[in-house]
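Structural features, examined
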Amino acid sequence: MAKVRPEQLPAKLKQSLAPVYLVFGDEALLTQEASDEVRRAARDQGYIERELYHVDNSFDWNELLASANSLSLFADRKIIELRIGNGKPGKEGSKALIEYLSNPPEGTVLLIITPKLDGNTQKTKWFKAIDSSGVLVQVWPVDAQQLPRWIGQRLSQAGLSADSQAIDVLASRVEGNLLAAAQEIEKLKLLATGSVIDAEQMAAAVANSARYDVF
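In this report, the structure presented in the accompanying data block is examined. This structure is a prediction, so every number in the text was calculated from the model and none was measured. Note on numbering: residues in each chain are counted from 1, in written sequence order. Local features are withheld for residues below a pLDDT of 70 in this predicted model, meaning they are given only at 70 or higher, and side-chain atom pairs are given and counted only at 80 or more; totals for whole chains, interfaces and linings count all residues. Side-chain figures throughout are based on the complete set of non-hydrogen atoms in the structure, without hydrogens or water.

**Digging into the overall build of the chain**
Numbering of helices and strands runs from the N terminus; a helix is a DSSP stretch of H or I covering at least four residues, while a strand is a stretch of E covering at least two. Each helix and strand in the chain was counted, giving nine helices and six strands. Taken along its principal axes, the extent of the C-alpha atoms in the chain is 60 × 40 × 35 Å. Buried positions account for 44% of the 215 residues belonging to the chain. In the chain, once contacts between residues fewer than 6 apart in sequence are set aside, the share between residues at least 24 apart is 80%. Residue burial considers only the protein chains on display, and all accessible areas are found by Shrake-Rupley using a 1.4 Å probe. Summed over its atoms, the accessible surface of the chain is roughly 12,300 Å², and 49% of this surface lies on carbon and sulfur atoms. When charges are counted, Lys and Arg are positive and Asp and Glu negative, with His and the chain ends excluded. A charged residue contributes its charge at one atom only: NZ of Lys, CZ of Arg, CG of Asp or CD of Glu. Counting 24 positive and 28 negative side-chain charges, the chain places the centres of these two groups 5 Å from one another. Partly exposed describes any residue whose relative accessible area lies between the buried limit of under 20% and the exposed limit of over 50%, with all areas from a 1.4 Å probe on protein chains only and scaled to the type maximum. Note on contacts: a residue pair qualifies if any of its non-hydrogen atoms lie within 4.5 Å across the two residues.

**Looking at the sheet that holds strand β2 (residues 20-24)**
Spatial ordering of the open sheet is given by β1-β6-β2-β5-β4-β3, a layout of six strands whose pairing is parallel. Whereas interior strands pair on both sides, the edge strands pair on one side only; in this sheet they are β1 (3-4) and β3 (49-55). Being paired, for any two strands, means DSSP has found at least two bridges between them. As paired strands, strand β4 (residues 78-84) and strand β5 (residues 108-114) are joined by six bridges and run parallel to one another. Within the sheet, the bridge partner assigned to Ile80 lies in β5 and is Leu110.

**Quick look at the side chain of Thr121**
Here Thr121 is to be found in the loop between β5 and α5 (125-133). According to the relative accessible area criterion, Thr121 is buried, its value standing at 12%. With near-sequence residues (within four places) excluded, Thr121 lies in contact with Gly87, Trp126 and Phe127.

**A look at the environment of Ala207**
Inspection of the secondary structure assignment puts Ala207 in the segment after α9 (199-206). Taking the C-alpha atoms as reference points, Ala207 and Leu170, separated by 37 residues in sequence, lie 9.5 Å from one another.

**Re the environment of Ala162**
With respect to the helices, strands and loops of the structure, Ala162 is situated in the loop between α6 (147-157) and α7 (164-174). In the structure, Ala162 is positioned 149 residues away from Leu13 in sequence and 31 Å away in space, judged by C-alpha atoms. Here Ala162 is in contact with Leu155, Ile167, Val196, Ile197 and Met202, once residues within four sequence places are set aside.

**Some remarks on the packing of aromatic side chains**
Think of it this way: a Phe, Tyr or Trp ring, Trp meaning its six-membered ring, pairs with another when their centres are within 6.5 Å, and the plane angle makes it stacked under 30 degrees, edge-to-face over 60, tilted otherwise. Scanning all chains against the criterion turns up four aromatic pairs. For the ring pair Phe59 and Trp61, a centre distance of 5.1 Å and an interplane angle of 85° mean the geometry is edge-to-face. Of the two residues, Phe59 and Trp61, neither departs from the other in class, the shared state being buried. Measuring from centroid to centroid gives 6.1 Å for Trp126 and Phe127, while their planes differ by 75°, and the two rings are edge-to-face. Neither residue differs from the other here; Trp126 and Phe127 are each classed as buried.

**Describing the environment of Pro115**
Mapped onto the elements, Pro115 comes out in the loop between β5 and α5. Residues Pro115 and Gln32 lie 83 residues apart in sequence; the distance between their C-alpha atoms is 11 Å. Those residues in contact with Pro115 that sit more than four places away from it in its chain are Phe24, Gly25, Asp26, Ile84, Gly85, Asn86 and Gly87.

**Overview of the pattern of salt bridges**
The rule for a salt bridge is simple: a side-chain nitrogen of Lys or Arg has to be within 4 Å of a carboxyl oxygen of Asp or Glu. The full count for this structure, using the stated rule, is 10 salt bridges. Glu37 serves as the salt-bridge partner of Arg40, at 3.3 Å between the closest nitrogen and oxygen. Here Arg40 pairs with Glu37, and both are found in helix α2 (residues 28-44), just three residues apart, close to one helical turn. Given the relative accessible area of 38%, Arg40 is considered partly exposed. A relative accessible area of 28% places Glu37 in the partly exposed class. One salt bridge in this structure joins Glu184 and Lys187, with 3.4 Å as the shortest N-O distance. In this pair, Glu184 and Lys187 are both assigned in helix α8 (residues 178-191), three residues apart and thus about one turn of the helix distant. Judged by its relative accessible area of 5%, Glu184 falls in the buried class. Because the salt bridges share partners, they merge into one network encompassing Asp36, Arg39, Arg50, Glu81 and Arg83.

In structure tokens form, the structure reads like this:
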């Protein structure tokens, strides 16, 4: 299957659920939201139980295979979530993933979350096995040039609109931090009074809050 971008994922999930999803990239907010989309779609189709595993060098990959073959007392459909912090399952992990994907269990969705994967990793057998069986969601960072457009889209999704100067104000305040931008937009939903937010209103609304700390 081809790679999809996070914004393409909801439409893909409406078509059907794949047995495995790999969400990878270094933009934490977008990775989290893409993973949430997979979880939400699975829950809507009755995948109620969720098993979460944090994979490190001491992880026993037999747990994945045992989970795949075990029956739940509470639900007949479940999500198995693997968070691989370094993006490298290693020799044993590669073997386990390939074995799992050679015959994916019915009633189970495997969600794998990793940081950005380089070109060499994307040529490995385990990555290709996921590509053959499921969906790859590649999360790209939003750079400074793309940020105003991204903010405009998020404002629209929130039922808000802002002129270009107002968007530039928010972009400069959050300094590339997408999570901070998303939080400011949520606040704007409560504070905005007009149909279009201008630069003065934006500056007053976000007033340095993106730089505040616990002190």
